[in-house]
Amino acid sequence: MIHFSIMRIVSMLPSATEILFALGLDREIVGVSHECDFPPQAKTKPIVIHSRMPHDASPAEIDALVREFVHRGESLYAVDAEVLEALAADLIITQDLCHVCAASPDDLATALARFDRRPHVLCLNPQDLGDVWRDILWVGEEACRGPQAEALVKQIGARLSALEQQLPLPADSPRVAFLEWLQPFYVGGHWVPEMIHRAGGEDVFGKVRTPSFRVHLQDVVEAEPEILLVAPCGYSAQQARDEYRAMDFPEQWNAMPAVRNGRVYALEANSYFSRPGPRLMTGIETLAKLFHPAVQVSREAEAAILLIKAGERARAASV
């Protein structure tokens, strides 16, 4: 009897873990990062990377610590080289897109320097939706799941086509501000502006394939968004809502069209927006439902919307 060995894969970023599971590679995944939490089975895998950030740090403290680490040229993450070596991976998937969101190739290279046997390393760096769908195919090819990856991307394309057929003319696109951090304000970048456009909205700040960047409160006020989306990276919708409610804003903030008309929403950033994986398609459907309530989307997409009601708005403060 011929025995075929199973490929051993370590994923160092949550989006790659989601892709691997979506391709049916549960048994092949032998290690993940501390942030890999979807699907739930991912949390049963050995953890090979940890964050150096304090668990109880506030958003403002996190921003300050990130700046401090970057200034010193230090990584925000620690790779457990002993565990990684013991797992004897054939393939390790990492990224070079955001050194704040996940370990960098340099972090991995330092750990691998001690290995006698070097695994193959796949480094992802998606900038827009096309890159994300390409990465699914790339991961599928490297993990010997090419047909499954092609089927998944084809399914995503069919969902996107069905959604776009329901959308109204571009002239009816609402003006949208997408905040991916609140203290200080950062607006969504890379694929997020494209998601907004594909869902029938107009991003007042972000540009496709451009990293997220900092804006000031006055910038948001002057942009006069009709819809305000609150989705801090790494947060659930409930956490996003609670942080927004805890902030003090001047009266001019409450006079913005989005706030005045009760169109401020908290979103599941981790699930549908900040991780470049298959569930970005659900994020696009969620946005489309927000922008154009008449469109038909999945229950999962509808459930991802959390309205921040007028009575829950941040307290007004004197300027």
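Residues numbered from 1 in each chain as written. Predicted model: local features only at pLDDT ≥ 70, side-chain atom pairs only at ≥ 80, totals over all residues. Heavy atoms only, no water.

Of all 5 residues in strand β5 (residues 91-95), 5 are buried, a share of seventy percent or more. A two-sided burial pattern is seen for β5, the buried positions comprising Leu91, Ile93 and Gln95 on one face and Ile92 and Thr94 on the other. Note: β5 against strand β6 (residues 120-124), 5 bridges, orientation parallel. Residue pairing across strands places Ile92 opposite Val121, the latter belonging to β6. (Buried < 20%, exposed > 50% of the residue type's maximum accessible area, 1.4 Å probe, protein only. Helix = DSSP H or I, 4+ residues; strand = E, 2+ residues; numbered from the N terminus. Pairing = 2+ DSSP bridges.)

Looking now at unusual backbone geometry. Residue Pro39 follows Phe38 across a cis peptide bond; omega there is -10 degrees. Position of Pro39 relative to the elements: it lies in the loop between β2 (29-33) and β3 (47-51). Gln183 connects to Pro184 through a cis peptide bond whose omega is 0 degrees. Tracing the sequence through the fold places Pro184 in the loop between β7 (175-182) and β8 (185-187). Located in the positive-phi region is His190, a residue other than glycine, with phi close to 55 degrees.

Further remarks concern the packing of helix α5 (residues 129-142) against helix α6 (residues 146-164). Between two packed helices, what matters for the description is the angle formed by their axes and the separation of those axes. Relative to each other, α5 and α6 sit at 165 degrees, their axes nearing to 7 Å. In terms of axis orientation, α5 runs roughly antiparallel to α6. Note that α5 runs across α6; the crossing there is right-handed. When α5 is examined against α6, the residues Trp133, Ile136, Leu137, Gly140 and Glu141 are found in contact with a partner set consisting of Gly146, Ala149, Glu150, Leu152, Val153 and Ile156. Taken together, the residues of the contact of α5 with α6 sort by class into 7 nonpolar, 2 polar and 2 charged. (Axes fitted to C-alpha atoms, helices over the stretch in contact; angles between N-to-C directions. Parallel < 35°, antiparallel > 145°, perpendicular 65-115°, else oblique. Left-handed = near helix turned anticlockwise from the far one by under 90°. Contact = heavy atoms within 4.5 Å. Nonpolar A, V, L, I, M, F, W, Y, C, P; charged D, E, K, R; others polar.)

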